[in-house]
Amino acid sequence: MNHYHCWLQYRPMTNQSLRQSYQQWLRCVSLPGGHPSPLLQSIRDELNRGIGAMLQMPVDFVEGSSPQNYLTVIGKPNQPLVRECLGPKLVEDLYQMKDEAYCIRTVAQAEGGRIVITGHTDRALLYGVFHLLRLMQMNEPLEQLDIRETPRNPLRMLNHWDNMDGSVERGYAGSSIFYEHGRITTNEQRIRDYARLLASVGINSIAINNVNVHETETKLITPAFLPDVAKIAGIFRSYGIQIFLSINFASPVELGDLDTADPLDSAVRQWWKERAKDIYQYIPDFGGFLVKADSEHRPGPFTYNRTHVDGANMLAEALHPFGGIVIWRCFVYNCMQDWRDRQTDRAKAAYDHFQPLDGKFLDNVILQIKNGPMDFQVREPVSPLFGAMEQTNQMMEFQITQEYTGQQRHLCYLVPQWKEVLDFDTYAKGEGSTVKRIVDGSLYGFKHSGIAGVANVGSDENWTGHTLAQANLYGFGRLTWNPDLSAEQITEEWIRLTFGPDPQVIETIAHMLLSSWRIYENYTAPLGVGWMVNPGHHYGPNVDGYEYSRWGTYHYADCFGIGVDRTMKTGTGYTAQYFSPNREMYESLDTCPDEYLLFFHHVPYTHRLKSGETVIQHIYNTHFEGVEQVKGLIEKWKRLEGKFNQQTFDHVLSRLMEQLEHVKEWRDVINTYFYRKSGIPDEKNRTIY
Ligand code: GCW
């Protein structure tokens, strides 16, 4: 495998009979005539690239029909050839398809047949083509295709935390692929290849700059940079991806135009309207603004005693005439807390700030909510804000970049975590009110909704630092397209596409990936406790790193016990933010799941878990076990030597060896800390320092 190509390897087909069959089907491809749209051009390019590499033959593109016995037909349902192949009845049926949905069908004919890829938009056709190429990469037969796919989430988005100096906030894969030295990159090929990767898993939106918008980036919405932004937008457009910009709420002031950014000031409102107009002149299909306001010292409406509603709606009004939307983040909390203050609970903040505003936001505003109430920890309960605002568009924010999950030095595959979040039943509208049904918009009929992920990509040759972290990006896209896919299915697809068909490789890597999050949890964050990391960069263990800080992220360990009492009865009352029966489940020690125990309760070290172990013994056991498990990962990986290119083998092995060094550090720091705090020895007498 060549790690630059990720899951679009297009390796030459070695299976002779499959190869002949594929050659038959793909030798001739019919595309709509006329002047090709940029998307149709991308389809052509991708087929040339994929077929050329896999089948070592050129593709013969035709317009309309062809006398060939075998033909692949790509076109909209109203095109005569598509109609002719599928028949009027099916075509009629397809008229119901949504804009991004596609159908792929094999139709047998005397002496041959047709593979038809159809959908109402060029974007849908592109998705269909990527699907076909995926099937071929996985050696699937094409003789009896009958596929219909509709993406479940309208917005399938990546958020880049890239800065124009080329750095990436919380980036672990090199520098930005978009910016260098305060300017937009000239390396368009890299962006095009990125767009291909994203489109192949159905991503349709991207915010290209950090939500912390600094001085230079504030100017991205001005004519100084818009021509260059428009170039990037053009590349993404040809892969069906809309671009968004993160904006600085204080722009009118910081750009020197006005002396206030008060959202109710008419000059300010006018200013944003003009900016929106400028932007749409350069980028007619601009997606809109992503906004971090009144969060971690970023400016926002609070400065002027205004609300989030005032701020978001002002921007929404400016974008409305052009069809743009405002994605307003709910990551708002007091980051100047006093650790002595036991009443303020950061976990409650998003709900407290936003829930009372339900129904007040304009239709083209979406609230973007992090999956948990704190901040992308190894394990957090689902944010209680999901489902709690029936009349307000909501979307999910996941973190693909591994800030708190090993920073792409440790193996930590996040699809199982995301699955748990999406499958969680909020009971917002009775049983079955799962998070996935809230964020896909179906539970409440939201006008806009979806899932965003903070990207894990940078300029490293393999995009993601750790080559196996490519699976997180792939999995994010696939899960966002269809949250009902199983983690196992997504994982197997990714491995087959990336590493090829060898069953031993598939089984081994699948096992490694699927176990890695729980392994990481074992040696880092026991029972839902978070933040035991070094302050600032967040890598490596430091149990009290944040304990006496202003960030509101405490575990309250003392010589008796540990955990945050968030109950209504004796604690911060956070559990009240959940719908019943989740509220009661978390409130009671008897029913609170072990993995969240210390998130919701403060307990003595001798408290017995459902597993029968005491809390302290669980801490020791999981930390010793974590080290053994990482050794197990290394053993597994070593058995794959020679199965694919040495460079990839060596690269992953060296990351795993590094992980092993660090996991020992984690084990010893955590175990020693809790032994010293509790004075309770390990039942099994293992070495604790
Ligand atoms: O997780 C924290 C990160 C910050 C980030 C912030 C946010 C972009 O440590 O780096 O800032 O969350 O999500 O806004």
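Residues numbered from 1 in each chain as written. Predicted model: local features only at pLDDT ≥ 70, side-chain atom pairs only at ≥ 80, totals over all residues. Heavy atoms only, no water.

With an unreviewed UniProt entry as reference, the chain is termed Xylan alpha-1,2-glucuronidase, source organism Caldalkalibacillus uzonensis. In the Subunit (unreviewed entry) part of its UniProt record, the chain is described as follows: "Homodimer." In UniProt, the chain has this text filed under Sequence similarities (unreviewed entry): "Belongs to the glycosyl hydrolase 67 family." (UniProt positions renumbered as here; feature names shortened; annotations may be inferred.)

A. Structural view of the overall build of the chain. Within the chain, the regular secondary structure consists of 21 helices and 18 strands. For a compact globule of 689 residues, the expected C-alpha radius of gyration is about 26 Å, and the chain comes in at 26 Å, within 12% of that figure. Dimensions of the chain, computed from C-alpha atoms along their principal axes, come out at roughly 80 × 65 × 50 Å. The proportion of buried residues among the 689 residues of the chain is 64%. Considering only contacts within the chain whose residues lie at least 6 apart along the sequence, 72% involve residues at least 24 apart. (Helix = DSSP H or I, 4+ residues; strand = E, 2+ residues; numbered from the N terminus. Rg over C-alpha atoms; globule rule 2.2 N^0.38 Å. Buried < 20%, exposed > 50% of the residue type's maximum accessible area, 1.4 Å probe, protein only. Contact = heavy atoms within 4.5 Å.)

B. The arrangement of the nonpolar core in detail. Judged by nonpolar contacts, the single largest core of 219 residues is most densely connected at Tyr-194, Phe-236, Trp-328, Trp-637 and Phe-674. Not counting the four nearest positions on each side in its chain, Tyr-194 is found in contact with Leu-158, His-160, Ile-177, Phe-178, Ile-206, Phe-236, Ala-455, Val-457, Trp-463 and Leu-473. Within the second largest apolar cluster, 15 residues are counted, among which are Leu-71, Leu-81, Leu-94 and Met-97. (Core = buried A, V, L, I, M, F, W, Y, C linked by side-chain atoms within 4.5 Å.)

C. Representation of unusual backbone geometry in the model. The step from Ser-580 to Pro-581 runs through a cis peptide bond, and the omega angle for that step is 0°. For Pro-581, the position within the fold is in the loop between strand E17 (561-562) and helix H18 (582-587). One non-glycine residue with positive phi stands out, namely Trp-463, at about 75°. Note on placement: Trp-463 falls in the loop between strand E16 (450-454) and helix H15 (470-481).

D. Main features of the site of the ligand. Close to the ligand lie 14 residues; Glu-169, Lys-292, Lys-370, Asp-375 and Glu-403 are nearest. Within the side chain of Arg-170, an N or O atom sits 2.8 Å from an oxygen atom of the ligand. In isolation the ligand has 340 Å² of accessible area, and contact with the protein removes 97% of it. The residue makeup of the shell around the ligand, split by class, is three nonpolar, three polar and eight charged. (Near = heavy atom within 4 Å. Polar contact = N/O pair within 3.5 Å; in protein donor to acceptor, adjacent residues only side chain to side chain. Areas by Shrake-Rupley, 256 points an atom, 1.4 Å probe, with all protein chains shown as cover. Nonpolar A, V, L, I, M, F, W, Y, C, P; charged D, E, K, R; others polar.)

E. Geometry of the sheet that holds strand E1 (residues 28-31). Within the open sheet, the six strands sit side by side as E2-E1-E3-E5-E4-E6. Their pairing is mixed. At either margin of the open sheet sits one strand with a lone partner, and together these are strand E2 (60-63) and strand E6 (146-149). Each strand axis lies, on average, 20° off the axis of its neighbour in the sheet, ignoring direction. Judged from the four bridges that link them, strand E4 (residues 102-109) and E6 form a sheet pairing that is antiparallel. Bridge pairing in E6 places Arg-105 opposite Asp-146. Running over the sheet, helix H5 (residues 122-137) touches strand E3 (70-75), E4, strand E5 (112-118) and E6 and is turned about 60° from E4. (Pairing = 2+ DSSP bridges. Axes fitted to C-alpha atoms, helices over the stretch in contact; angles between N-to-C directions.)

F. Geometry of the packing of helix H8 (residues 226-237) against helix H10 (residues 266-282). One way to put it is that H8 packs onto H10 with a least axis distance of 9 Å and a crossing angle of 50°. Overall, the two elements H8 and H10 adopt an arrangement that is oblique. Here the hand of the crossing between H8 and H10 comes out right-handed. Along its contact with H8, which presents Leu-226, Pro-227 and Ala-230, the element H10 presents Asp-278, Ile-279 and Tyr-282. (Parallel < 35°, antiparallel > 145°, perpendicular 65-115°, else oblique. Left-handed = near helix turned anticlockwise from the far one by under 90°.)

G. Here's a closer look at the side chain of His-623. Looking at the element boundaries, His-623 is found in helix H20 (residues 615-638). A distance of 2.7 Å separates the side chain of His-623 from the backbone oxygen of Ile-619, its partner in a polar contact. Those residues within four positions of His-623 in sequence are excluded, and the remaining contacts are Asn-522, Tyr-523, Thr-524, Pro-526, Trp-666, Arg-667, Ile-670 and Asn-671.

H. Structural context of the packing of helix H17 (residues 503-523) against H20. H20 packs onto H17 with a crossing angle of 160° between their chain directions and a minimal axis gap of 9 Å. Relative to H20, H17 is oriented roughly antiparallel. In this structure, H17 crosses over H20, and the sense of that crossing is left-handed. Residues Thr-508, Ile-509, His-511, Met-512, Ser-515, Ile-519, Asn-522 and Tyr-523 of H17 touch H20, and the partners they reach there are Thr-622, His-623, Glu-625, Gly-626, Gln-629, Val-630, Leu-633, Lys-636 and Trp-637. Class assignment of the residues belonging to the contact of H17 with H20 gives a composition of seven nonpolar, eight polar and two charged.

I. Expanded view of the sheet that holds E16. Strand order around the closed barrel formed by eight strands is E7-E10-E11-E12-E13-E14-E15-E16, with parallel pairing between neighbours. In this sheet, adjacent strand axes meet at a mean angle of 25° when their direction is disregarded. Relative to the sheet, helix H11 (residues 308-319) contacts strand E11 (242-247), strand E12 (288-291), strand E13 (325-329) and strand E14 (365-370), its axis offset from that of E13 by approximately 155°. Sitting on the sheet, helix H13 (residues 415-423) touches strand E15 (394-399) and E16, and the angle it makes with E15 is about 160°.

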